[in-house]
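# Residue-level structure breakdown
Chain by chain, the residues:
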Amino acid sequence: MPLVRPFATADGTITTRDILLVRVLAGGAEGWGECGAATSPGYWHETLDTARASLPAIIRGAVIADEPMAHAAFEMAMLDLTLRERGVSLADHLGATRASVVATATAGFDDDVTAFVDAGYRSVKVKIDPEHMLRERPRAPIVQVDANQSFTGRGDAFDVLATLDELDVLAVEQPLARDDIDGHVALAARVAATVLLDESITSITAIDDVLRRGTQVGIVVKPARLGGVAAAQHAHDVCAAAGVPAKVGGLLETGIGRAASLAVAALPGFTLPADLSASDRYWDEDLTAPFVLDGDGCLAVPRGAGLGVDVRMDVVERATVWRDLISVRT
Ligand code: MG
């Protein structure tokens, strides 16, 4: 699927997004899931190819520890199917309390942040690296930055990142290497902004490890990376019990994955705006009815049964380049 414009971050620039969907058909009912993996490794080790290779075994009941995004895609489809049959929304199933969540537009290096503010976003996240620092504060009430590990090994990283406090940035996400938890904890003691861990949060165990070192840093919960919405719900509970700032992260999902992430983001313990935007931030044509901002810069949490979205089969069919059918007798 083509992006509305190139998206440039410390991990590189992409112009299109390949998407792997799981559609479960059983007894006349169906459910949809979306895999968060990208075409190539870089942000995360799983790729669409590894997920695609793993899904037949996962669907037949195997557990493949290194493929949480493949598991998450299948879990999402099964939840959509079973909750649709029961007439229960994913948000209600999870115990979500918010009817809407504050949307965040993520600006790549080449994006005009002002355009997002003009479009109605109250919350923006700006991608930075040492060569693309935020120099002036965008007009949005809520501003976060994300460095995607790009300050790793830079001797003056703390000094440079401390300048963001002058811009009253709410949060600084993953400036240092994913395994450098101590570095992030030390940075949190130095800056006023909340230091968030994203790439570091590869599992529930990783969250437990962070919390054992105190509650100075916050947590980005990406349901796909943790293995699905059930694991994300557990991560939410752990963070809320510890009083740690937490938010739901995004992975350039279509409306299918976005619907699931919105249900998770509506849980009460997520204290920071989710990295979830309206459909037109990335897509001219989404795979569902487009998610649009309301007058408060928020996105409504789907309340229909299952994921609460109807997949536009015509758009899916037009974009499909590969499909496989896996039959399972139950
Ligand atoms: Mg991030």
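No experiment lies behind these values; they were computed from the predicted model shown.

Each value, and the rule that gives it
- Residues numbered from 1 in each chain as written.
- Predicted model: local features only at pLDDT ≥ 70, side-chain atom pairs only at ≥ 80, totals over all residues.
- Heavy atoms only, no water.
- Helix = DSSP H or I, 4+ residues; strand = E, 2+ residues; numbered from the N terminus.
- Rg over C-alpha atoms; globule rule 2.2 N^0.38 Å.
- Buried < 20%, exposed > 50% of the residue type's maximum accessible area, 1.4 Å probe, protein only.
- Contact = heavy atoms within 4.5 Å.
- Areas by Shrake-Rupley, 256 points an atom, 1.4 Å probe, with all protein chains shown as cover.
- Lys, Arg positive; Asp, Glu negative; His and termini not counted.
- Charge placed at Lys NZ, Arg CZ, Asp CG, Glu CD.
- Domains from an automatic or database assignment.
- Buried area = accessible area lost by both parts, 1.4 Å probe.
- Salt bridge = Lys/Arg side-chain N within 4 Å of Asp/Glu carboxyl O.
- Polar contact = N/O pair within 3.5 Å; in protein donor to acceptor, adjacent residues only side chain to side chain.
- Nonpolar A, V, L, I, M, F, W, Y, C, P; charged D, E, K, R; others polar.
- Donors = N, O, S within 2.8 Å, 3.2 Å for Na, K, Ca; no water.
- Pairing = 2+ DSSP bridges.
- Axes fitted to C-alpha atoms, helices over the stretch in contact; angles between N-to-C directions.
- Expected span 1.5 Å × (residues − 1).
- Arc of directions from axis to C-beta.
- Parallel < 35°, antiparallel > 145°, perpendicular 65-115°, else oblique.
- Core = buried A, V, L, I, M, F, W, Y, C linked by side-chain atoms within 4.5 Å.

All right, on to the overall build of the protein then. Helices and strands together make up the secondary structure of the protein, namely eleven helices and 13 strands. Its C-alpha radius of gyration of 19 Å places the protein within 12% of the 20 Å reference for a compact globule of 330 residues. In terms of overall dimensions, the protein has a C-alpha envelope of 60 × 40 × 35 Å along the principal axes. Split into buried and exposed, the 330 residues of the protein put 55% on the buried side. For the protein, restricting intrachain contacts to residue pairs at least 6 apart in sequence, the fraction spanning at least 24 positions comes to 64%. When the accessible area of the protein is evaluated, it comes to approximately 13,800 Å², of which 51% is carbon and sulfur surface. Averaged over its 29 positive side-chain charges, the protein has a centre that lies 3 Å from the centre of its 46 negative ones.

This part covers the domain arrangement of the protein. What the domain assignment reports for the protein is domain 1 (2–88 + 310–319) and domain 2 (94–300). Relative placement of domain 1 and domain 2: their C-alpha centres are 21 Å apart. Of the residues lining the interface, 33 residues belong to domain 1; the matching set on domain 2 comes to 43 residues. Between domain 1 and domain 2, the buried area comes to about 3,000 Å², and carbon and sulfur atoms account for 62% of it. Connecting domain 1 to domain 2 are three salt bridges. Where domain 1 packs against domain 2, one counts 16 residue pairs in polar contact (both at pLDDT 80 or more). Only strand S1 (2–9), strand S4 (29–35), helix H2 (68–86) and helix H11 (313–319) provide two or more residues apiece to the side of domain 1 that touches domain 2. The class makeup of the residues in the side of domain 1 that touches domain 2 is 20 nonpolar, five polar and eight charged.

Angles at a metal have ideal values that depend on geometry: 109.5 degrees with four tetrahedral donors, 90 or 180 degrees with six octahedral donors. Donor atoms from the polypeptide that bind the magnesium ion are Asp146 (OD), Glu173 (OE) and Asp198 (OD), placed at 2.0 to 2.3 Å. Look at where the donors of the magnesium ion fall in the sequence and you get D-x26-E-x24-D. Here Asp146 is found in strand S8 (residues 142–146), whereas its partner Glu173 is found in strand S9 (residues 171–173), with 27 residues between them in sequence. There is no split in this pair, since Asp146 and Glu173 are both buried.

Spatially, S6-S7-S8-S9-S10-S11-S12 is the arrangement adopted by the seven strands of the open sheet, whose pairing is parallel. The open sheet has two edge strands with one neighbour each: strand S6 (104–107) and strand S12 (246–248). The average angle at which neighbouring strand axes cross in this sheet is 25°, direction not considered. Looking at chain direction, strand S7 (residues 123–127) and S8 are connected through five bridges and run parallel.

The next subject is helix H1 (residues 48–59). The terminal C-alpha atoms of H1, which comprises twelve residues, lie 16 Å apart, in line with the 16 Å expected from a rise of 1.5 Å per residue. All of the buried residues along H1 are Leu48, Ala51, Ser54, Leu55 and Ile58. Buried positions in H1, seen along its axis, are confined to an arc of 125° and lie on one side of it. Residues of H1 that are buried sit in contact with strand S3 (20–26), S4 and H2.

One can find Gln144 in strand S8. We classify Gln144 as buried; its relative accessible area is 1%. In this view, Gln144 contacts Ser123, Val124, Lys125, Val126, Val169, Leu170, Ala171, Leu196, Lys247 and Pro273; residues no more than four positions away in its chain are not counted. Within the structure, the side chain of Gln144 is placed 2.9 Å from the side chain of Lys247, a separation counted as a polar contact.

Running from N to C, helix H7 (residues 204–212) and helix H9 (residues 229–242) point in directions that differ by 10°, and their axes come no closer than 10 Å. Comparing the axis directions of H7 and H9 gives the class roughly parallel. In this structure, H7 contributes Ile204, Ile207, Asp208 and Leu211 to the contact, and H9 contributes Ala231, His234, Ala235, Val238, Cys239 and Ala242. Partitioned by chemical class, the residues of the contact of H7 with H9 number eight nonpolar, one polar and one charged.

Most often, soluble globular proteins have nonpolar side chains that are buried together. Of all hydrophobic cores here, the largest spans 88 residues; its most connected members are Leu90, Ile128, Leu134, Phe151 and Leu164. Here this core takes seven residues from helix H10 (residues 255–265), the largest share from any one element. Here this core spans two domains, since at least three of its residues come from each of domain 1 (2–88 + 310–319) and domain 2 (94–300). Filtering out sequence-adjacent residues up to four positions away, Leu134 remains in contact with Val126, Ile128, Val143, Val145, Leu164, Leu167 and Val169.

Looking at the secondary structure, you find Thr288 in the loop between H10 and strand S13 (298–300). In this structure, Thr288 is in contact with Gly255, Ile256, Val309, Asp310 and Arg312, ignoring residues within four places of it in sequence.

The final tally for this structure, using the stated rule, is 23 salt bridges. The residue Glu173 makes a salt bridge to Lys247 at a minimum N-O spacing of 2.8 Å. One end of the pair, Glu173, is in strand S9; the other, Lys247, is in strand S12, and 74 residues separate them in sequence. Residue Glu173 shares its accessibility class with Lys247, and that shared class is buried. Connected through salt bridges with shared partners, the residues Lys125, Lys127, Asp146, Glu173, Lys247 and Asp275 form a single ionic network.

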